[in-house]
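Summary of the model geometry
Listed below, chain by chain, are the residues.
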Amino acid sequence: MADESWKIPMLVQELAAKVQQPPSRYVQPEQYHPVSLVVGAEKQEPIPVIDLSRLLAIDGADDEGSKLRLALQSWGLFLVDNHGIETSLMDDLINASREFFHLPLEEKQKCSNLIDGKHFQVEGYGNDPVASKDQTLDWLDRLHLRVEPEDERNLVHWPEHPNSFRALLREYTLNCKRIKDRILRAMAKALGLNEDYIVTQFSNKAPSFARFNYYPPCPRPDLVFGVKPHSDSGVLTILLMDKDVGGLQVLRDGVWHNVPTSPYRLLINIGDYIEIMSNGIFKSPVHRAVTNAGKERISLAMFHGLDPEKEIEPAAALLHEKQPARYRKMKTKEYLAGFYEHFCRGTRFIDSVKI
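Residues numbered from 1 in each chain as written. Predicted model: local features only at pLDDT ≥ 70, side-chain atom pairs only at ≥ 80, totals over all residues. Heavy atoms only, no water.

Mapped onto the fold, aspartate 232 is located in the loop between β7 (225-230) and β8 (236-240). A polar contact is formed between the side chain of aspartate 232 and the side chain of histidine 287, at a distance of 3.3 Å. In this structure, aspartate 232 is in contact with Thr237, Asn269, Gly271, Asp272, Ser284, His287, Phe303 and Phe339, ignoring residues within four places of it in sequence. (Helix = DSSP H or I, 4+ residues; strand = E, 2+ residues; numbered from the N terminus. Polar contact = N/O pair within 3.5 Å; in protein donor to acceptor, adjacent residues only side chain to side chain. Contact = heavy atoms within 4.5 Å.)

Before going further, it helps to examine the sheet that holds strand β4 (residues 124-126). Pairing in this open sheet of seven strands is antiparallel, and the strands run β1-β11-β8-β13-β6-β5-β4 from one edge to the other. Unpaired on one side and paired on the other, β1 (77-81) and β4 mark the two borders of the sheet. Ignoring strand direction, the axes of neighbouring strands in this sheet form an average angle of 20°. Lying on the sheet, helix α3 (residues 61-74) is in contact with β1 and β11 (265-270); it crosses β1 at an angle near 140°. Strands in contact with helix α6 (residues 165-190) are β1, β5 (141-148), β6 (208-215), β8, β11 and β13 (297-304); relative to β8, the strand with the most contacts, it is inclined by about 130°. (Pairing = 2+ DSSP bridges. Axes fitted to C-alpha atoms, helices over the stretch in contact; angles between N-to-C directions.)

As a further point, take the side chain of glutamate 275. In this structure, glutamate 275 sits in helix α7 (residues 272-277). The exposure class of glutamate 275 is buried, given its relative accessible area of 4%. Those residues in contact with glutamate 275 that sit more than four places away from it in its chain are Gly280, Phe282, Lys283, Ser284, Tyr327, Arg348, Ile350 and Lys354. (Buried < 20%, exposed > 50% of the residue type's maximum accessible area, 1.4 Å probe, protein only.)

Next up on the list: the pattern of salt bridges. Taken as a whole and judged by the stated rule, the model has 24 salt bridges. Between arginine 54 and glutamate 64 there is a salt bridge; the shortest N-O distance is 3.4 Å. Placement of the pair is arginine 54 in helix α2 (residues 52-56) and glutamate 64 in helix α3, with a sequence separation of ten residues. Measuring nitrogen to oxygen at the nearest pair gives 2.7 Å for the salt bridge that ties arginine 220 to aspartate 222. Overlapping salt bridges bring together Arg54, Glu64 and Lys67 as one network. (Salt bridge = Lys/Arg side-chain N within 4 Å of Asp/Glu carboxyl O.)

With respect to the element layout, glutamate 195 can be found in the loop between α6 and β6. Through-space distance from the C-alpha of glutamate 195 to that of glycine 124 is 35 Å; in sequence the pair is 71 residues apart.

For the rest of this paragraph, the subject is the pairing of strand β10 (residues 255-258). Where strand β9 (residues 248-252) and β10 come together, four bridges link them in antiparallel fashion. Each bridged residue has a counterpart across the sheet, and for leucine 251 the counterpart in β10 is tryptophan 256.

This part takes up the UniProt feature "domain: Fe2OG dioxygenase" (unreviewed entry) in the protein chain. In the UniProt entry, the feature "domain: Fe2OG dioxygenase" (unreviewed entry) is given for residues 206-306. Secondary structure across residues 206-306 comprises 6% helix and 46% strand; the distance between its end C-alpha atoms is 4 Å. (UniProt positions renumbered as here; feature names shortened; annotations may be inferred.)

Two quantities define a packed helix pair, namely the angle between the axes and the distance from one axis to the other. Interaxial distance between helix α4 (residues 87-101) and α6 falls to 10 Å at its minimum, and their mutual angle equals 135°. Judged on the interaxial angle alone, α6 and α4 are oblique. You can see that α4 and α6 cross each other, and the crossing is left-handed. Side by side, α4 and α6 meet where Leu89, Asp92, Leu93, Ala96 and Ser97 of the first sit next to Phe165, Leu168, Leu169, Glu171, Tyr172 and Asn175 of the second. Taken together, the residues that form the contact of α4 with α6 break down as seven nonpolar, two polar and two charged. (Parallel < 35°, antiparallel > 145°, perpendicular 65-115°, else oblique. Left-handed = near helix turned anticlockwise from the far one by under 90°. Nonpolar A, V, L, I, M, F, W, Y, C, P; charged D, E, K, R; others polar.)

Leu169, Tyr172, Met187, Phe212, Leu266 and Tyr335 are the most contacted members of the largest nonpolar core, which totals 76 residues. Looking at this core, the element that brings in the most residues is α6, giving twelve residues. If we skip the residues at most four places from it in the chain, tyrosine 172 touches Ile85, Leu89, Leu93, Ile238, Leu240, Leu266, Leu300 and Met302. (Core = buried A, V, L, I, M, F, W, Y, C linked by side-chain atoms within 4.5 Å.)

Let us look at the environment of isoleucine 270. Assignment of secondary structure puts isoleucine 270 in strand β11. Taking the relative accessible area as the measure of exposure, isoleucine 270 reaches 0% and is therefore buried. Setting aside its immediate chain neighbours within four residues, isoleucine 270 contacts Leu72, Gly76, Met187, Val235, Leu236, Phe282, Lys283, Ser284 and Pro285.

What follows is the structure, encoded as structure tokens:
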């Protein structure tokens, strides 16, 4: 029987405690080293900040809507203030996830994303999938949990310790859902569409996932990525960043920009589905995470997707004779299958969907 142990790499947190050099499976080819093409701090343009309260106000909404459109055309992402989410909730949830990642391995394995220790599933604690022996691996462990639809939550993967974790995540999920709907209505208006156009794409089966990312210290951050360059597949991602340790970078105009830590602000980035719906007016940003030699880092990404049977395509109201559709229509389940295949290879599936 062929040895397929390569499919199940050691958890990175365990690996980091044992090695002084990252194994070759984690080392990027020289042309992709994390230090390549990073814009200097003196040339760093600030990440756009959007005032959600102004977007929703009677006065000032048009000006803020114009800022939003420009941000999504040029960056594909922006920062917002916490907008009603208690800062204590944000702190408590990140602290609870940190406590989980520092539990004994035996306790964390109760939430494992492996069936019988060898068959990968999306939900749970562990690594991302490994599709081939020559796939360059990322320097992180993660806890990936379905949070919506609520009746499809698989609580066997939700940590029981710390005992506050589940209640904190439930509350945070409700807050993110509220913010998501407000942002999507503003985005639709910025495109000149009916403000409910994007929101009505969501059915009661539309999935949302919370992904807790744990990046242990890495002995060679100049050679290894926390997460390789990629764009997100879904509609919208709401990212709660580590307050103290940076690491996220976004690609803009061929160079990488550092996303600074910004306590109690959320980073909002659109996914490939919005790029398709907007017919390329809004850009799904390519981003990556770098590692740190001396500090661990934790972030929480809330991914909002669509029903697997939903077809995604450019909005008809944006198309005309001089501006035909730039993307093929397909079901989201087909898109996701292609997306994960390309992600493992370090390429973008959306490029193959363009007409």
